[in-house]
Amino acid sequence: MDGIPPPKDKHLFIKDLRFEKVKVRIYQPKMSTSGQRRGILYFHGGVGRLGSIQAYERTCRYFARKTNSVVVSVGYRLAPEYPYPTQFKDCLTATIHFMRTAQDYGVDPSRIIVCGDSSGGTLTAAVAQALVNRRDVPKLRAQILIYPFLQGVNFNLPSYQQNEAVPVLLKERTISLGLKYLNADLSAVNNVLQGCHVSEELRLKYQKWLSPDNIPHEFKTRGYTPSTEQPFSEEIYKLAKIFLEPVFSPLLSEDSVIAQLPETFILTCEYDVLRDDGLLYKKRLEDHGVKVTLCHLQEGFHGTIFLAVYGKIASFRSGLKGLEKITKFLRLIKMAAIYTILVLFLAVFVAGFILLIMGAINFDVSNSEIPPGMNQPVKLRIIHIILICIAVVGKILEKIGICSEINFVRYMQGVRTLGADQKLFIKDLCFGNVPVRIYQPKAPSSSQRRGVIFFHGGGWTLGSVDTHENLCRSLARESDSVVVSVGYRLAPEHKYPAAYEDCLNATIHFMRNTEHYGVDPARISVCGDSAGGNLAAAVSQTLAGRSDLPKLRAQILIYPHLQALDFNLPSYQQNQGVPLLFRERSAFFALQYLNGDASHMEEVLEGSHIPVDIKLNYMKWVSADNVPEKFKARGYKPHVLLDCPTAVYETMKRFCEPTLCPLLAEDAVIQQLPDSFILTCEYDVLRDDGLLYKKRLEDNGVRVTWYHLEDGFHGIISFSNSDWMSFSSGERGLNNIVNFLKSL
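Rules used in this analysis
- Residues numbered from 1 in each chain as written.
- Predicted model: local features only at pLDDT ≥ 70, side-chain atom pairs only at ≥ 80, totals over all residues.
- Heavy atoms only, no water.
- Disulfide = S-S within 2.5 Å.
- Buried < 20%, exposed > 50% of the residue type's maximum accessible area, 1.4 Å probe, protein only.
- Salt bridge = Lys/Arg side-chain N within 4 Å of Asp/Glu carboxyl O.
- Helix = DSSP H or I, 4+ residues; strand = E, 2+ residues; numbered from the N terminus.
- Pairing = 2+ DSSP bridges.
- Axes fitted to C-alpha atoms, helices over the stretch in contact; angles between N-to-C directions.
- Contact = heavy atoms within 4.5 Å.

## Quick notes on the state of the cysteines
This model, assessed by the stated rule, comprises zero disulfides. Free cysteine C91: the closest other cysteine sulfur is in C115, separated by 12 Å. Residue class for C91 comes out buried when judged on its relative accessible area of 0%. Here C269 is not cross-linked by a disulfide; its sulfur's nearest cysteine counterpart is in C295, at 8.1 Å.

Right, here's the structure in full:
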């Protein structure tokens, strides 16, 4: 201080300030940080008469750099010009000021630590004690006491006897410096050494805290002789009574204060008269439940930490070790806070997860129905509950602004990735602007292979080439075909007809470039499940009249969504609450694909979104009368036709377009369609879409191979060959699809 500017440091901002009237020097790391730093208040040693901010410049810089902390070095006023307890008051004032203004320096108020060495350790302990009952400032996070002086009662403890002549701090010098600090008569040194300043009553009171019996035996092996008590002197007591004040001797504080102290780090040195002060304070703290970290330097001496920062010439191995231990403790304070937060977060997460699972189970049981004839019903419930949990988490993330529910569900669907396949070449390409993934068998073939263009399901809003990776690999391997999986654009970001156009363009591109993939252009089929079945049917119809392209060999429609006129067909009524596709979700997905707006879902479900005259026109194709009677055995109630408001129809009229609802295509188109394979599931709202399309195709002379899974549900094929998630019914369905392909 005193007008001398601090030298520059490339890692730190260093500035001299005043906290109230107390001089301080602040060391702030220049490196940016994502959060607030810890703060360290450092009180230098020097028995209240010596030491300064400049003397401890290296020490404070070291702690600031190594621990990424903001360090405040306190330049308290020195005796004899400023007598005791000015030093304590300055340190307390600076600490309170910093605690109240911590955020101005980028410091977390809950992570402030006081630290000091020797008499600075005394001040540290006294300040920590003075703050325990304060409610107007944050709690200290920790105190670090480096070979502290903590009591002026017993100067004949084992460490005083063993190290009385060990530099840097001699036994007699300890008392003489203490008396000088108090501006007391030095002639009393010997009397104080002998304990004449402590009355019998006080000696008995302090015995429980200061007894050599409280010092572990290992610290007495270098020799210790119990001292004989000397008579009490009132005169000496008056001279040295300040020695017995807790501010001067923090070890003498009452239990009620000790019990409230923060986590503590104490460093002691074997060859130091003050060693046992630290050991006794450690015991007192631990006896009152305060967490203590002790670092004992077996080769250390008083002052070794101060010298450690002065380079190889002045530093000692013990001091360097001590610095490392202090640094580690400071870092662990941050980690402890992080661990605490993580533990709390984990506890909240686990509790939330349990509630989520319980809520999902309750929702599944309350809102879904698993019919008795279903294949592996318990497994289906588990999968459904998992999907509910994913959707709920997605909704929560959307509410708090992290991501949309639909993007989270998409992400979770694509998390599972498969490794390399020994039997297939797999490559990601683009057909024009449409991403595709091609699966080509590695085994050589004597002729051109069949080609399968696959459109994944997911209600036009979910799914990807990744979600159907396993299914496409199975089709390619088992049928020895080249499979092209199309990554079409999804709704609601890309509304109808984006998905249809992508699928059509990818199909045309492949049909025109089959020679690059070893595919016979006369044996190309389109295939899709659910919404992908819709796209396959729409593409097949569009290509039926094209003379510039080869004819499709077949279309494979796996529980396809083929119409949005009637959501009250028998299968919709019977399976409205059967996972994995509820009646309401089917309508929701259709509306998302149409225009991204589900506000008219109620009208769609009750059938008041299409005018009666138009419905009557299509009843020859979309009618429960065309569904075989055996599929109505589980219950069916004919639905009354409702009229449609004009405004609603204006937003829904594209549902009458065959490229959106292929079941509504004219006979002239249907007649030109290729051989067809249709798979339906008994417990699926879309069952009747497939049955109605089967009838239309057969009525128009198209050869249809139909396979019905009596115990199947919507989505069952996509779980095939998926370890624990596969279903025996789904495996049967996949085998039939493969056999159909092989027959082409």
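## Regarding the pattern of salt bridges
Any two side chains of opposite charge can pair, on the condition that their charged atoms come close. For the structure on display, the rule yields 44 salt bridges. The closest approach of N and O atoms between R25 and E57, which form a salt bridge, is 2.5 Å. With R25 in strand β2 (residues 22–29) and E57 in helix α1 (residues 57–67), this pair connects stretches of sequence that are 32 residues apart. Judged on exposure class, the residue R25 and its partner E57 are both buried. With its nearest N and O atoms 3.0 Å apart, the salt bridge here joins E657 to R654. Here the salt bridges do not stand alone but share partners, grouping D421, D428, R437, D466, E469, R473 and R477 into one network.

## Description of the sheet that holds strand β7 (residues 263–271)
The strand order β1-β2-β4-β3-β5-β6-β7-β8 describes an open sheet built from eight strands, whose pairing is mixed. The sheet is open, and its two edges are formed by β1 (12–19) and β8 (292–301), each paired on a single side. Along the sheet, successive strands turn relative to each other by an average axial angle of 20°, direction set aside. Note that β1 and β2 share eight bridges and pair antiparallel. From the neighbouring strand, R18 faces β2, where its bridge partner is K23. Seen against the sheet, helix α3 (residues 119–131) touches β3 (37–43), β5 (107–117) and β6 (142–146) and runs at an angle of roughly 140° to β5. This element, helix α10 (residues 275–287), spans β6, β7 and β8 of the sheet and lies at about 150° to β7.

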